[in-house]
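Overview (structure and organization)
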Amino acid sequence: MSLEQTGHENPALAGADFPERARLAGAPVLPDRRSFLRCALCVGAAGTLGTLEQPLDATPAAPTAQNRDDSHFTVEARFYEKLPNRRIRCKLCPRECTVGDRERGYCGVRENRGGTYYTLVHSRVCAAHIDPIEKKPFFHYLPGTLAFSVATAGCNVNCKFCQNWDISQARPEQLPAEYVAPQRVAELAKQNRCPSIAYTYSEPVIFIEYLMDTADAGHAAGIRSVVVSNGYIQDKALREAYGRTDAVKIDLKSFSESYYRQVVSGELKPVLDSIVTLRRMGKWLEIVYLVVPTLNDGDAEFRDLARWVKTNAGADVPLHFTRFHPEYLLKNLPITPVPTLERAKQIADAEGLHYVYIGNVPGHPAENTLCPKCGHMLVQRMGLEITQMLIDKGECPFCHQPIPGIWHA
Amino acid sequence: MRQETITARRKFLKNFLANAVVVGAGDQLSLPVAASANSHPARSRVVIARDPQLRGSGSSVDSQHMLKLLDRTMQSLFEADRADEAWKKIVHPGQCVGLKVNSLGGRGLSSNPVLVGAICERLQQAGIRAADIVVWDRDTRELERAGFRISASGNQVQCFGTDRVGYEDDLAAWGSVGSRLSKILTRRCDVLIGVPVLKDHDGAGVTMALKNMYGAIHNPNKYHPNGCDPYIADVNMLPEIRTRMRLTICDATTACYEGGPAYKPQYSWHENALIASQDPVALDTTGWQIIERKRAQQGLKTLEADGRAPRYLSTAADPRHRLGTNDPQRMEKVETALA
């Protein structure tokens, strides 16, 4: 089953080949757990990592090496400016947190220590997994391949529907994690025949230094990088960091500022700006829109969204309407009805978008890629699996219509 | 038939209420303001107790002076002749009492271990076993840096951070807040006493009783926008916090009027005082006034003029929250000083 709510696909919800949880839950990392985790990361054999149990009571555990010393995860942040009185202003995302000494930014993973701002999550991997790239979802980028997927704790927004809230809304010290250096990520990806590294699950914006270094290490080893992001990032950081990657999937969570304020705790405009910039940079781009019943599922919003995408990103950008499942702080709403997703697709199709998909509904015909010219089915999908692939040299074999995407490694 | 049912219900309710009153009277616990909104006292008492000789001739707080200052504070707050009488109004033998300190500011500007030690001593005299007292905050290392001795076993006062036991898996939610709560709070503490520090705060304006509870949740970083409003009030509405909170004893021995919450010696001063109340809103409002007075002495702008007025106070006092009062007319401010 493919479940990629918010586009930040849940590492705990995997396909048939990846049935176990990848998230590293639990309190202190005990030596045996650490060994297990290290082993899983080294081998990556099943592409999964086990769930770690929480202690049942409030009896204090002995301090562990990890919670005594986080210095090897701590690196000076790249995007910030210093202010008087040992304060700093973060320039990573549009929130621009002003952070006093000994305090952290909204993301919870960057800390001001004496007037210098540090990321606490460089190489601090709390989730690692080998996923089909369709799970991100990327449908036009190396289909049928695997992506070595990593995440750290933290996020720069707080979506009320987040399905990975237990890692995205946590501080790094609250999660077991392993030190996985950028070069090691590249090695693991190569060992496991993953042509790409995916930065995903939580929010890559907040571990951007690690992303940049890992993307460089990956490229040196012949491994590409793909990002699954909310796009809530400042222009300079976007260009410098995502410029080093090969494909980006943006979660466009709504086409309404009020929704962004109330449900996401963010802003729409900077996300739209990021999409435009990424297209101008020539990055392969796909967009996901999570359809939440009653909150962002109106015809007018679907229409406005589709028109904006066509005008500003182009008709060839894949747009995925995905199904919401009740999670986190929105457990009161129902699962998105399939007819709602079909209505969204009909509207976007009618506005002239060429590749509109429905996600999180395994087996739905709108998982497939059709030629926008002759209508033949070119890529058939069943959940995360490619069951038929007919695109040849980037063209429809029936009418030779170019089909945009990166189809082969 | 219907009339009979109504009568029966009324009778039941009447009996139920009568029993409840009896139980409440027998319990003789002084409930926090928040838990007794309907019987809200006309005025919330806030005690400011000072001792100019708190440090003797040195710079450190003297433990004997601190005990006397604490006793004066508690006796004034509860109008008790003896300190142990005052403590017995908020705790019972057999209960586990959590002292939520603030250790963010290191040795310079954290809850003073001498004050915490004095509270622990008086709690034990009130019948609380040493092992049933937990001094806690978010992080064990921060507690150590603030001068606390860590102990997590044996028949002694316990002191450790949530990092040693973790947070609940399930979310606690109220209003705008959804958080995982410290297991120290949820699984160890029957009663909560806040021991914050009188501080300026770059986001909230000030930090004392109410903001101190950010140390009980796993994601405080999410709740700093908009001057922490309405988040501070909402965090304090979480039932696990609200039902346990009995008292706040704010450490104003060393306080901070600018540049908080971190310790900046140039903006700190020795107020040599304790501020105590069962109404956290009234306490924070009173502390804010003290900070404003100091800022004025130092030639600084008011927090309002600095764009940092603690708006969260009016939210905490509003009809939706009723965590206490921010209306000076509804406060009884008692200032006392040791000779």
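Quick caveat, the model's predicted, so the values are computed rather than measured. Residue positions are given per chain, counted from 1 along the sequence in the order it is written. To label them, take the chains in the order written and letter them from A, then take the ligands in the order written and number them from 1. Reporting in this predicted model follows two pLDDT cut-offs: at least 70 for local features of residues, and 80 or more for side-chain atom pairs to be given and counted; totals over whole chains, interfaces and linings ignore these cut-offs and use all residues. For side-chain calculations, the full set of non-hydrogen atoms in the structure is used, while hydrogens and water are omitted.

Describing the overall build of chain A
The following threshold applies: A run of H or I in DSSP becomes a helix once it reaches four residues, and a run of E becomes a strand once it reaches two; helices and strands are each numbered from the N terminus. When a residue's accessible area, from a 1.4 Å probe over protein chains only, is under 20% of the maximum for its type it is buried; when over 50% it is exposed; and in between it is partly exposed. In this analysis, two residues are considered to be in contact whenever any of their non-hydrogen atoms come within 4.5 Å of each other.
Looking only at helices and strands, one finds 10 helices and 19 strands in chain A. For chain A, the proportion of its 409 residues judged to be buried stands at 64%. Residue pairs at least 24 apart in sequence account for 69% of intrachain contacts in chain A once pairs closer than 6 positions are excluded.

Describing the overall build of chain B
A count of helical and extended segments in chain B gives 10 helices and 12 strands. Looking at chain B residue by residue over its 339 residues, the buried ones come to 60%. Of all intrachain contacts in chain B linking residues separated by at least 6 positions in sequence, the fraction that spans at least 24 positions is 72%.

Some words on the state of the cysteines
Residues and elements named next belong to chain B. Note the threshold: Two cysteine sulfur atoms make up a disulfide if the distance between them is within 2.5 Å.
Applying the stated criterion across every chain yields a total of zero disulfides over all chains. Between Cys 120, a cysteine without a disulfide, and Cys 159, which holds the nearest cysteine sulfur, the sulfur-to-sulfur distance is 8.6 Å. Given the relative accessible area of 6%, Cys 120 is considered buried. Accessibility expressed as a relative area gives 3% for Cys 159, which makes it buried.

With respect to the confidence of the model for chain B
Using the following cut-off: How sure the predictor is of each residue is captured by pLDDT, a score from 0 to 100.
When pLDDT is averaged along chain B, the result is 90, and 88% of the positions lie at 70 or above. Contacts from residues 31-39 of chain B, a stretch scored under 50 in pLDDT, to residues over four places away or in other chains number 14 contacts.

Quick notes on the pairing of strand β12 (residues 224-229) of chain A
Residues and elements named next belong to chain A. We count it as follows: Pairs of strands are assigned from DSSP output, requiring at least two bridges between the strands. Seen with the strands pointing away from the viewer, any crossover whose path from the first strand over the helix to the second strand runs clockwise is right-handed.
Among the six residues in β12, five count as buried, and that is most of the element. When strand β11 (residues 196-199) meets β12, the two strands line up parallel, connected through four bridges. Bridging from a neighbouring strand, Ile 197 pairs with Ser 225 of β12. Tracing the backbone out of β11, into helix α5 (residues 208-220) and back to the parallel element β12 gives a crossover that is right-handed. In this structure, β12 lies alongside strand β13 (residues 247-251), joined through four bridges in parallel fashion. Pairing of Val 228 across the sheet is with Lys 249, part of β13. Remark: the β12/helix α6 (residues 235-242)/β13 crossover connection has right-handed handedness.

Focus on the sheet that holds strand β1 (residues 75-76) of chain A
Each strand in a sheet pairs with another by means of backbone hydrogen bonds, the pair being arranged parallel or else antiparallel. All names here are of chain A. Here three strands make up an open sheet; going across it, the order is β1-β6-β5 and the pairing antiparallel. Across the chains shown, the open sheet's two edge strands, defined by having one partner strand only, are β1 and β5 (110-113). One ladder, built from four bridges, connects β5 with strand β6 (residues 116-119); its direction is antiparallel. Bridge pairing in β6 places Arg 110 opposite Thr 119.

Quick look at the interface of chain A and chain B
The cut-off we apply is this: When two parts are brought into contact, each loses some accessible area as probed by a 1.4 Å sphere; the total of that loss over both is the buried area. Each reported salt bridge corresponds to a side-chain nitrogen of Lys or Arg within 4 Å of a carboxyl oxygen of Asp or Glu. Residues adjacent in sequence count toward polar contacts only when both atoms are side-chain atoms; beyond that, a polar contact is any pair of N or O atoms within 3.5 Å, and within protein one must be able to donate a hydrogen and the other to accept it. Residue polarity follows a fixed list, in which Ala, Val, Leu, Ile, Met, Phe, Trp, Tyr, Cys and Pro are nonpolar, Asp, Glu, Lys and Arg are charged, and the others, Gly among them, are polar.
At the interface, 38 residues of chain A touch 36 residues of chain B. Each partner contributes to the roughly 3100 Å² buried at the junction of chain A and chain B, and carbon and sulfur atoms together form 44% of this total. Taken together, the links from chain A to chain B amount to two salt bridges. One salt bridge connects B:Glu142 with A:Arg102, and the closest N-O pair in it is separated by 3.7 Å. Inspection of the region where chain A meets chain B yields 13 residue pairs in polar contact (both at pLDDT 80 or more). At the level of secondary structure, the elements contributing two or more residues to the side of chain A that touches chain B comprise α2 (65-68) and α3 (165-168) of chain A. Tallied by class, residues from the side of chain A that touches chain B come to 17 nonpolar, 11 polar and 10 charged.

Focus: the packing of aromatic side chains
All names here are of chain A. Inclusion rule: Side-chain rings of Phe, Tyr and Trp, where Trp is taken by its six-membered ring, are said to pair if the distance between their centres is within 6.5 Å; with planes under 30 degrees apart they count as stacked, over 60 as edge-to-face, and otherwise as tilted. We call a charge positioned above a ring when the Lys NZ or Arg CZ atom is no farther than 6 Å from the ring centre and deviates by at most 35 degrees from the ring normal.
Summed over all chains, the structure comprises 13 aromatic pairs over all chains. For the pair Phe 255 and Trp 308, a centre-to-centre distance of 6.3 Å together with 55° between the ring planes defines the contact as tilted. Of the two residues, Phe 255 sits in the loop between β13 and α7 (257-264) while Trp 308 sits in helix α9 (residues 299-312), which places them 53 residues apart along the sequence. Given a relative accessible area of 15%, Trp 308 falls into the buried group. An aromatic cluster of three or more residues is present, and its members are Tyr 289, Phe 302 and Phe 321. The residue whose ring lies beneath Arg 381 is Phe 139, and the NZ or CZ to ring-centre distance is 4.0 Å.

A word on the sheet that holds strand β17 (residues 369-370) of chain A
Residues and elements named next belong to chain A. Strand order across the open sheet formed by three strands is β17-β18-β19, with antiparallel pairing between neighbours. Looking along the sheet, the strands with just one partner apiece sit at the ends: β17 and β19 (385-389). Relative to strand β18 (residues 377-382), β17 runs antiparallel, the two sharing two bridges. Looking at β18, one finds that Thr 369 is bridged to Val 379.

What to know about α5(A)
All names here are of chain A. What counts here: Helix span, expected: 1.5 Å multiplied by one less than the number of residues in the helix.
For α5, built from 13 residues, the straight-helix expectation of 18 Å at 1.5 Å per residue is met to within 8% by its first-to-last C-alpha distance of 18 Å. Buried within α5 are the following residues: Ile 208, Glu 209, Tyr 210, Leu 211, Met 212, Thr 214, Ala 215, Ala 217 and Gly 218. Note on α5: the residue one or two positions beyond its end, Gly 222, has a positive phi of about 80°.

Some thoughts on the pattern of salt bridges
On inspection of all chains with the given rule, the structure shows 44 salt bridges over all chains. In this structure, A:Glu351 and A:Arg307 form a salt bridge, with 3.1 Å as the shortest nitrogen-oxygen distance. With A:Glu351 in the loop between α10 (338-350) and β16 (356-359) and A:Arg307 in helix α9, the pair connects residues that are 44 residues apart, well separated along the chain. Given the relative accessible area of 44%, A:Arg307 is considered partly exposed. Two residues, B:Asp132 and B:Arg129, come together in a salt bridge whose shortest N-O distance is 3.2 Å. For B:Asp132, a relative accessible area of 15% puts it in the buried group.

Considering the side chain of A:Glu286
All names here are of chain A. Under the convention used in this document: Charged residues are defined here as Lys and Arg on the positive side and Asp and Glu on the negative side; His and the ends of the chain fall outside this count.
Among the secondary structure elements, Glu 286 is positioned in strand β14 (residues 284-291). Buried and unpaired, Glu 286 has no salt bridge, with Arg 381 as the nearest side chain of opposite charge at 7.2 Å. At a separation of 2.8 Å, a polar atom in the side chain of Glu 286 contacts the main-chain amide nitrogen of His 140. Apart from residues lying up to four places away in sequence, Glu 286 is in contact with Pro 137, Phe 138, Phe 139, His 140, Tyr 141, Val 248, Lys 249, Ile 250, Val 317, Pro 318 and His 320.

A few points about helix α8 (residues 269-281) of chain A
The end-to-end C-alpha distance of α8(A), which contains 13 residues, comes to 18 Å, matching closely the 18 Å that a straight helix rising 1.5 Å per residue would cover. Among the residues making up α8(A), those that are buried are A:Pro270, A:Val271, A:Leu272, A:Ser274, A:Ile275, A:Val276, A:Thr277 and A:Leu278.

Focus on the environment of A:Ile206
For A:Ile206, the position within the fold is in the loop between β11 and α5. When residues no more than four places from it in sequence are discounted, the contact partners of A:Ile206 are A:Leu92, A:Cys107, A:Val109, A:Arg110, A:Thr119, A:Val121, A:Thr152, A:Ala153, A:Gly154, A:Cys155 and A:Asn156.

Let's talk about the nonpolar core
For the record, the criterion: What is meant by a nonpolar core is a set of buried Ala, Val, Leu, Ile, Met, Phe, Trp, Tyr and Cys residues, joined one to another through side-chain atoms within 4.5 Å. Residue ranges labeled as domains rest on an automatic or database domain assignment.
Among the nonpolar cores identified, the biggest contains 91 residues, and A:Phe161, A:Tyr242, A:Leu252 and A:Phe321 are the most heavily contacted of them. Two domains each provide a minimum of three residues to this core, namely domain 1 (5-18 + 123-389) and domain 2 (74-119) of chain A. Counting 53 residues, the second-largest nonpolar core is a separate cluster that includes B:Phe160, B:Val177, B:Ala233 and B:Tyr267.

Considering the environment of A:Pro270
If you trace the backbone, A:Pro270 turns up in helix α8. C-alpha of A:Pro270 to C-alpha of A:Ile233: the two residues are 37 residues apart in sequence and 7.1 Å apart in space.

Brief notes about the pairing of strand β7 (residues 191-195) of chain B
All names here are of chain B. Burial within β7 is extensive, with five of its five residues counted as buried. Here strand β2 (residues 97-101) runs beside β7; their pairing, made up of five bridges, is parallel. Among the inter-strand pairings, Lys 100 is bridged to a residue of β7, identified as Gly 194. Note that β7 and strand β10 (residues 245-256) share three bridges and pair parallel. Within the sheet, the bridge partner assigned to Gly 194 lies in β10 and is Thr 248.

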